[in-house]
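# A closer look at the structure
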Amino acid sequence: MPIPFNPDQPEDAPLDRSPGFTAEQVEGKKKPQRRRRGAGYISDPKKRKTIELHAEDHAVAHYEARGWTVEKLGKPYDLRCTRGTEERHVEVKGTTGAPTNVELTINEVLHARDKNNTVALYVVSDIKVDTHTDPYTASEGRVSHYPDWEPAEEDLRPRKYEYRLPDTTG
């Protein structure tokens with residue numbers, strides 16, 4: 001007589017009627033993992049670049065559609081947008097994760113907090129990347145736009161420290 005077993009509900013398997021099997025062997029399908037939260041490090045440099053360019057293209061199209069002239073810089077910020085006498089610096093972030101957080105450098109934070117700058121943060125999240133194409137191709141994305149952005153202290157979390165090693169030569 002077969003053992004009644006639903007792989008989607010392995011906890012209901014009658015283990016007392018399945019000699020020689022452990023609970024681990026009868027687990028069945030894994031439950032879907034929780035969705036990644038926010039930006040994380042992507043080790044594949046081609047994938048990182050594809051995500052970055054996709055997000056940047058989104059931002060350029062957004063600003064040009066509103067009459068801005070856009071210049072790509074990269075550093076100290078991604079885009080310089082001008083319209084008449086207005087100037088806006090745009091920091092662009094792209095992620096395959098949810099729109100919950102992004103990683104910032106200290107220079108990006110300091111630049112955004114400088115009262116002499118008008119800075120926007122333009123985030124494209126949930127980007128899909130096809131790594132089976134050459135070059136990789138990115139699609140989709142959900143936009144979060146913060147036109148007058150100044151990162152508040154309570155919204156920043158330190159993620160790493162630089163440690164200066166003591167001099168041991170003396």
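If you're wondering where the values come from, they're calculated on a predicted model, not measured in any experiment.

Moving on, we get to the overall build of the protein chain. Counting its secondary structure elements, the protein chain contains two helices and seven strands. Written out in order from the N terminus, the α and β elements of the protein chain read α-β-β-β-α-β-β-β-β. Across the 170 residues that make up the protein chain, the buried fraction comes to 29%. Of the contacts formed within the protein chain by residues at least 6 apart in sequence, a portion of 53% connects residues at least 24 apart. Only carbon and sulfur atoms are counted for the fraction: they give 50% of the accessible area of the protein chain, which is about 12,700 Å².

Grouped together as the largest cluster of nonpolar side chains are 16 residues, with contacts concentrated most on Tyr63, Val70, Leu79, Cys81, Val90, Val92 and Tyr122. Sorting elements by how many residues they give to this core places helix H1 (residues 45-65) first, with five residues. If you look at the next biggest cluster of nonpolar residues, it comprises five residues, including Ala112, Leu121, Val123 and Trp149.

Within the element layout of this structure, His62 appears in helix H1. If we skip the residues at most four places from it in the chain, His62 touches Tyr122 and His145.

Under the defined criterion, the tally for this structure stands at one aromatic pair. Considering the side-chain rings of Tyr63 and Trp68, the 5.9 Å spacing of their centres and the 80° angle between planes classify their relative orientation as edge-to-face. Trp68 carries the same exposure label as Tyr63, and that label is buried.

A separate point is helix H2 (residues 106-113). When we look at burial in H2, the residues that qualify are Glu108, Val109, His111 and Ala112. Angularly, the buried residues of H2 cover 165° about the axis, an arc narrow enough to put them on a single face. Seen from the buried face of H2, the exposed residues on the opposite side, beyond 90 degrees, are Ile106 and Asn107. Where H2 is buried, its residues contact strand E3 (86-94) and strand E4 (119-125).

Turning to the sheet that holds E3, a few remarks are in order. Sheet architecture is open: five strands sit in the order E1-E2-E3-E4-E7, paired in mixed fashion. Each edge of the sheet is formed by a strand with only one pairing partner; in this case those strands are strand E1 (69-72) and strand E7 (142-146). Strand-to-strand twist in this sheet, taken as the mean axis angle between neighbours without regard to direction, amounts to 25°. Pairing of E3 with E4 involves six bridges; the strand directions are parallel. Within the sheet, the bridge partner assigned to Glu91 lies in E4 and is Leu121.

Calculation notes
- Residues numbered from 1 in each chain as written.
- Predicted model: local features only at pLDDT ≥ 70, side-chain atom pairs only at ≥ 80, totals over all residues.
- Heavy atoms only, no water.
- Helix = DSSP H or I, 4+ residues; strand = E, 2+ residues; numbered from the N terminus.
- Buried < 20%, exposed > 50% of the residue type's maximum accessible area, 1.4 Å probe, protein only.
- Contact = heavy atoms within 4.5 Å.
- Areas by Shrake-Rupley, 256 points an atom, 1.4 Å probe, with all protein chains shown as cover.
- Core = buried A, V, L, I, M, F, W, Y, C linked by side-chain atoms within 4.5 Å.
- Phe/Tyr/Trp six-rings, centres within 6.5 Å; stacked < 30°, edge-to-face > 60°.
- Arc of directions from axis to C-beta.
- Pairing = 2+ DSSP bridges.
- Axes fitted to C-alpha atoms, helices over the stretch in contact; angles between N-to-C directions.

In short, shape yes, function no, at least from these values alone.
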